[in-house]
4 protein chains.
Amino acid sequence: MSMVQVGVIGASGYVGSELIGILMKHEGVDISGISSENNQGAAFSTLYPSFKGQYDAQFESNQEVISKSDVVFICLPHGKSENMVKQCIDEGKKVIDAGADFRLNDLKVYEDWYETAISYPELHGQAVYGLPEMNKEAISQTSLVANPGCYPTSILLGLYPAVSEQLINTDRLIIDAKSGVTGAGKSLSAVTHFANKNEAFKAYKAGTHRHTPEIEEKLGQMGADNVKVSFVPHLLPVNRGILSTIYADLKSGSDSEHIHNLYKKWYANDPFVTVLDYGTLPDISHVTHSNQCHIGLTVDERTQRLIIVSVIDNMQKGAAGQAVQNMNIMMGFNETEGLAMVAPSF
Amino acid sequence: MSMVQVGVIGASGYVGSELIGILMKHEGVDISGISSENNQGAAFSTLYPSFKGQYDAQFESNQEVISKSDVVFICLPHGKSENMVKQCIDEGKKVIDAGADFRLNDLKVYEDWYETAISYPELHGQAVYGLPEMNKEAISQTSLVANPGCYPTSILLGLYPAVSEQLINTDRLIIDAKSGVTGAGKSLSAVTHFANKNEAFKAYKAGTHRHTPEIEEKLGQMGADNVKVSFVPHLLPVNRGILSTIYADLKSGSDSEHIHNLYKKWYANDPFVTVLDYGTLPDISHVTHSNQCHIGLTVDERTQRLIIVSVIDNMQKGAAGQAVQNMNIMMGFNETEGLAMVAPSF
Amino acid sequence: MSMVQVGVIGASGYVGSELIGILMKHEGVDISGISSENNQGAAFSTLYPSFKGQYDAQFESNQEVISKSDVVFICLPHGKSENMVKQCIDEGKKVIDAGADFRLNDLKVYEDWYETAISYPELHGQAVYGLPEMNKEAISQTSLVANPGCYPTSILLGLYPAVSEQLINTDRLIIDAKSGVTGAGKSLSAVTHFANKNEAFKAYKAGTHRHTPEIEEKLGQMGADNVKVSFVPHLLPVNRGILSTIYADLKSGSDSEHIHNLYKKWYANDPFVTVLDYGTLPDISHVTHSNQCHIGLTVDERTQRLIIVSVIDNMQKGAAGQAVQNMNIMMGFNETEGLAMVAPSF
Amino acid sequence: MSMVQVGVIGASGYVGSELIGILMKHEGVDISGISSENNQGAAFSTLYPSFKGQYDAQFESNQEVISKSDVVFICLPHGKSENMVKQCIDEGKKVIDAGADFRLNDLKVYEDWYETAISYPELHGQAVYGLPEMNKEAISQTSLVANPGCYPTSILLGLYPAVSEQLINTDRLIIDAKSGVTGAGKSLSAVTHFANKNEAFKAYKAGTHRHTPEIEEKLGQMGADNVKVSFVPHLLPVNRGILSTIYADLKSGSDSEHIHNLYKKWYANDPFVTVLDYGTLPDISHVTHSNQCHIGLTVDERTQRLIIVSVIDNMQKGAAGQAVQNMNIMMGFNETEGLAMVAPSF
């Protein structure tokens, strides 16, 4: 079988590094090339010594990578993807954009929250939001996937059944999320300096994080009315993992068994979502280094609230893993090809 | 000046160890003795090697410790304090109980949540809830202080001004709290086994933690009507620190400046509470190894919610530090004597 | 192709858990069964929640597992393997013993250091020491492999070329090794209690660790005369990884380039050993979650010492990964089948 | 009693921050002022939020600080201290230089290893090497103390009795040292980026670290002949602490009891050095956040080597704590004033 040629634009960052690791294990693709604005000519394994002797390819120019590829992953900061996507689509490539530029359907909301103007509005109409558990059919038919944000992935998977089945009020959702440090990426900063972050923990961007409109828009598309969330992210002193604790007022009586069964059934055919036994709450360590999402449910009987706890690995299901899952669906591969099904126990 | 003689019952546990460290620095007291059911005859520094050469006293019996003391700290599991407190009070000692037995005024609620019967109901009437910022006057006049729980301390300090001034609705509070591992104490368990807890993070006892009724009762005493909280604690992979993220619906318009000023004024004379600049959120690392509480405030304008983030060191302001602060007030010492005012920067 | 049936005895421990994770990815084998003395009837995923929904098989009896298997991995404490190996060999199975019982050829030394009597001396003659880079041919022809200890693996790989080529004196080797906490296994202990181990670091068993005679005997088999090592292990506050710093007096002039070239050439055909550029020193994070060994070399010109730094993942190349590598060689699979070639970057 | 006025030059770095924390607890001094080249006009508590509300002083110019001070601590990179010391001495101040410029008596060796020229050789003659356990008398009489390096402090204290009493050969010492990340200071770097350093461990500057000549020169001053050390530092994923494992060939028979008794007696009057029971090895967590040094001893009988394990907190006994200890000796304060005698248990 001829291998699909896959390129990575912006491969020097953390998502790029994680992608290379996954793609090396994928039996249907070759890595055709990698690019990095600041590292052209350098070997990938110089930046990421784990790959020494296993993947020592050099960074090339964006154009070189695009030319050699059937599928292009784009790992660029928001505002920088749009032009690159345009170029890839114009050259007839399939594209998975790991950045934020194509995630929102409401372009006005994008421009407000990201303070960035959109240049090719028509292009955005082609983009499919790449949450496979929600949009698998559309993903299989598009050439342009917008890979979801890490926080939204954990949150949307946690809420999808409850929202679709109208179990909860969505006008007063509270989402308290906690992420590992790789979510902040490779750029050096005082916040991610080891001595500052180790044995430390804090909230940030309370109520103002850019993933907020993504969460609200997609919940609306899942069937929620009048969505309004208070979203507060926190930074954990761990490398990987997102845990989202979601507080939702139940619409009517708390039939916890009914809710749990619904969740189990909802995700029965999704290979990367596991609904735990009722009352069992997940740990990020149970999913890190895998593409899994674990979901735990409990009803707070005293307050008639559904408490949902959802965990993913921010670098896998929250970024590179989900990007490959999307590629698998787009290209007709087995959905799980190349992806880790099980987290190591420690 | 003659030194106050201070004993510690149950000194082999984590709170006991932290207390010894503080009391050694206190200029007005001598440690008269320490007891431990399982370690009688052993040297304290065998269990806690940091103290080698500095505090090598041996554990004695409870009765020996009580006899030699003016003030007794009791660090026993719930259900075990009550008898010991009775004995100390009968012998005319001042008592600070670090456990849960005397925290709740509603004894029925205690018996329900702790599944433990109360033997001396009349004794409970003498107990003062030892949150100095709330009850300083009463603490100064009692012989029996119930030292607050760690989570409630962080939460009550965060909510006190808003609740007292009727700024928020208290019938739908959501409190998402995160604690370091020392909160789980010295007992070995799979949860606190290093390989399980390192690079890990999870929620536990969602909606069912025993600190819930303590939070609700004390908020009521602060002036809240119809208090109802959803309280979900989480376990951080750090040794020390509690961060509580509190979501409260504002009663009327969000005058964030007014709220912030109120908080600043409220705590202006409390040496261990620092209200940060509006919008600045605290980090647990800014208070660990000190008796400080840092409080950050922000109003989520989109949802008209007040988001309060409060941090303490669970072993200091959340346990041993607050116990000594209570002793200082009871015995007429300077409130800050022996206590760390500033956390080390790392 | 018919799949090889593989069973794991003692699968409830950390090495067992890691083995299951690897075997699930191996395309030539089926896991025929798992046993655990204390967990019979329980589901594996109850102990290791990462596997929930992916590997939920129950623990059976040892005999059930052996009966269904072509190859048996034995993950038992020293002193418990010998009988089990006997039984497997008697039933015509291939065996890889992850424990210590068959590692030493000098049975007297084993009995002294391990304070355990040997019952079947003749059986030991069949055992091959499973360091593939040293004994590949013999491994391919035996039915009984003794999987090396974690520390010895990192140390022997680091010293093999220098010892074989007589570059160093081996009568005064100093080996300062540091291991992650999973090396101490699943048993709860004060040493591995999170609050004790986090932000902590210590040496242990200085000069008395049971891996010492294994190191000395195998160096002798590599060609060293009069081997004598001071071996001091330390316990790192990380989950995985061993780093060994080895200090060896050079026999003659320090031609660092010659030494480095020799190492490069020596391991050129070994897929799991990477010799870094001269002077570049490895980090355990560059190999954890992979079966790689990275080796860094530098000559301390002032003292004419060769300093070798070798890193592995104690659970992979130091235990379960190497065990599967041995199985691959024994069964004629590709040596790298099922094994991770590259560590994730974080 | 009038307070001694103490200023800190270069107070924005980690050693400066630690110094401020100690000096605030010192009952004999006032902090007269702090300077920072890059932060003039900013509040100290903006950089170090732990100090918010407790120490909010602003950074001033060096000259302002010097003018207001009786004693000046200088916390500048090597090469920058010398001029500043000159100025302070010329103005009649007492000086404790936390940097490297005055540590070595052999100026040629300094210039070689530090690649920095010396401008005022005569000034160096006045400097006393500030290891109080070695030079207390001289420290009490000088105006200029060179505060030792962090690694040398742990190593010299570990070796002092054995070297002075000629118990060991010093021409083939091997020192394998491990430090927490604060030793690398406040400057952002890829090495100390959280995601790179967490769950990571590596050696660096093997045989070439600048503390090597300091160790060798001071061992010579302690009485060692022909000193030659192989010194390899490593970077631990913890905030604080240094553990040095020292391997020394014993001169004659291994009378471990004699050696241990000698060590106990040697340090009997030193408040900050604790010799553990023979065979007990220290943990860095037993000294972090204190000014203590714990020393463990064991004789490797098989190789006739003395293995010494010494731990300190690199920021306390390895930097700021020792600097204050030196000030106490210089100014006639109690040697322990302001300093933490006991590490918290976690």
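An unreviewed UniProt entry lists chain A under the name N-acetyl-gamma-glutamyl-phosphate reductase, from Alkalibacterium pelagium. You can read under Catalytic activity (unreviewed entry) in the UniProt record for chain A the words "N-acetyl-L-glutamate 5-semialdehyde + phosphate + NADP(+) = N-acetyl-L-glutamyl 5-phosphate + NADPH + H(+)". Quoted verbatim from the Pathway (unreviewed entry) field of UniProt, the annotation for chain A is "Amino-acid biosynthesis; L-arginine biosynthesis; N(2)-acetyl-L-ornithine from L-glutamate: step 3/4."

Expressed as a screw operation, the relation of chain C to chain D combines 0.0 Å of axial shift with a rotation of 180°, fitting to an RMSD of 0.0 Å. Taken together, the rotation and translation describe the operation of a two-fold axis. Most of the interface of chain C is mirrored in chain D: 100% of its interface residues are interface residues there too.

The interface is formed by 46 residues belonging to chain C together with 46 residues belonging to chain D. For the chain C and chain D pair, buried surface summed over both sides reaches about 3700 Å², with 55% attributable to carbon and sulfur atoms. For the interface between chain C and chain D, the tally reads 6 salt bridges. Taking the shortest distance from any N to any O, the salt bridge between Arg302(C) and Glu216(D) comes out at 2.4 Å. In this assembly, chain C and chain D are joined by 26 residue pairs in polar contact (both at pLDDT 80 or more). Put simply, the parts of the chain that give the side of chain C that touches chain D at least two residues each are strand S8 (173-179), helix H9 (194-197), strand S9 (202-203), helix H10 (211-221), strand S10 (229-235), strand S11 (242-249), strand S13 (293-300) and strand S14 (305-312) of chain C. In terms of residues, the side of chain C that touches chain D owes the most to one element, S8(C), which gives 5 residues. Here the side of chain C that touches chain D is built from residues that sort into 23 nonpolar, 10 polar and 13 charged.

Residues and elements named next belong to chain A. Under the present numbering, the feature "active site" (unreviewed entry) in UniProt falls on Cys150. On the secondary structure map, Cys150 appears in helix H8 (residues 150-164). When its relative accessible area of 16% is taken as the criterion, Cys150 is described as buried. Non-local contacts of Cys150, meaning those with residues more than four positions away in its chain, are made with His211, Ile242, Ile312, Asn314 and Gly318.

Moving on to the pairing of strand S4 (residues 71-74) of chain D. Residue and element names in this part refer to chain D. The two faces of S4 match: Val71 and Phe73 on one face and Val72 and Ile74 on the other face are all buried. Bridging between strand S1 (residues 4-9) and S4 involves 4 bridges; their strand directions are parallel. Across the sheet, Gly7 pairs through a bridge with Val72, a residue of S4. Running through helix H4 (residues 81-90), the crossover from S4 to the neighbouring parallel element strand S5 (residues 94-97) is right-handed.

Further remarks concern the environment of Thr46(D). Inspection of the secondary structure puts Thr46(D) in helix H2 (residues 44-47). Put simply, Thr46(D) and Gln58(D) are 12 residues apart on the chain and 9.4 Å apart in space, counted from C-alpha to C-alpha.

The rules behind the values
The numbers attached to residues start from 1 for each chain and follow its sequence in the written order. Each chain takes a letter, starting from A, and each ligand takes a number, starting from 1, following the order in which they are written. The predicted origin of the model limits local features to residues at a pLDDT of at least 70 and limits the giving and counting of side-chain atom pairs to 80 or more, whereas totals for whole chains, interfaces and linings rest on all residues. No hydrogens and no water enter the side-chain calculation; it runs on all heavy atoms of the structure. UniProt positions are given in the numbering used here, feature names are shortened, and annotations may be inferred rather than shown by experiment. When the copies are overlaid, the least-squares fit takes in C-alpha atoms only where the residue has pLDDT of at least 70 in both copies. Here, residues are in contact when the closest pair of their heavy atoms is within 4.5 Å. Buried area adds together the accessible area that both of two parts lose upon being put together, with accessible area traced by a 1.4 Å probe. The rule for a salt bridge is simple: a side-chain nitrogen of Lys or Arg has to be within 4 Å of a carboxyl oxygen of Asp or Glu. Residues adjacent in sequence count toward polar contacts only when both atoms are side-chain atoms; beyond that, a polar contact is any pair of N or O atoms within 3.5 Å, and within protein one must be able to donate a hydrogen and the other to accept it. Numbering of helices and strands starts at the N terminus; helices are DSSP runs of H or I of at least 4 residues and strands are runs of E of at least 2. Ten residues, namely Ala, Val, Leu, Ile, Met, Phe, Trp, Tyr, Cys and Pro, are considered nonpolar, four, namely Asp, Glu, Lys and Arg, are considered charged, and the remaining ones, Gly among them, are considered polar. Between buried and exposed lies partly exposed: a residue is buried under 20% and exposed over 50% of the maximum accessible area for its type, with that area taken using a 1.4 Å probe on protein chains only. What makes two strands pair is DSSP finding at least two bridges between them. Orienting the strands away from the viewer, one traces the path from the first strand over the helix to the second; a clockwise path indicates a right-handed crossover.

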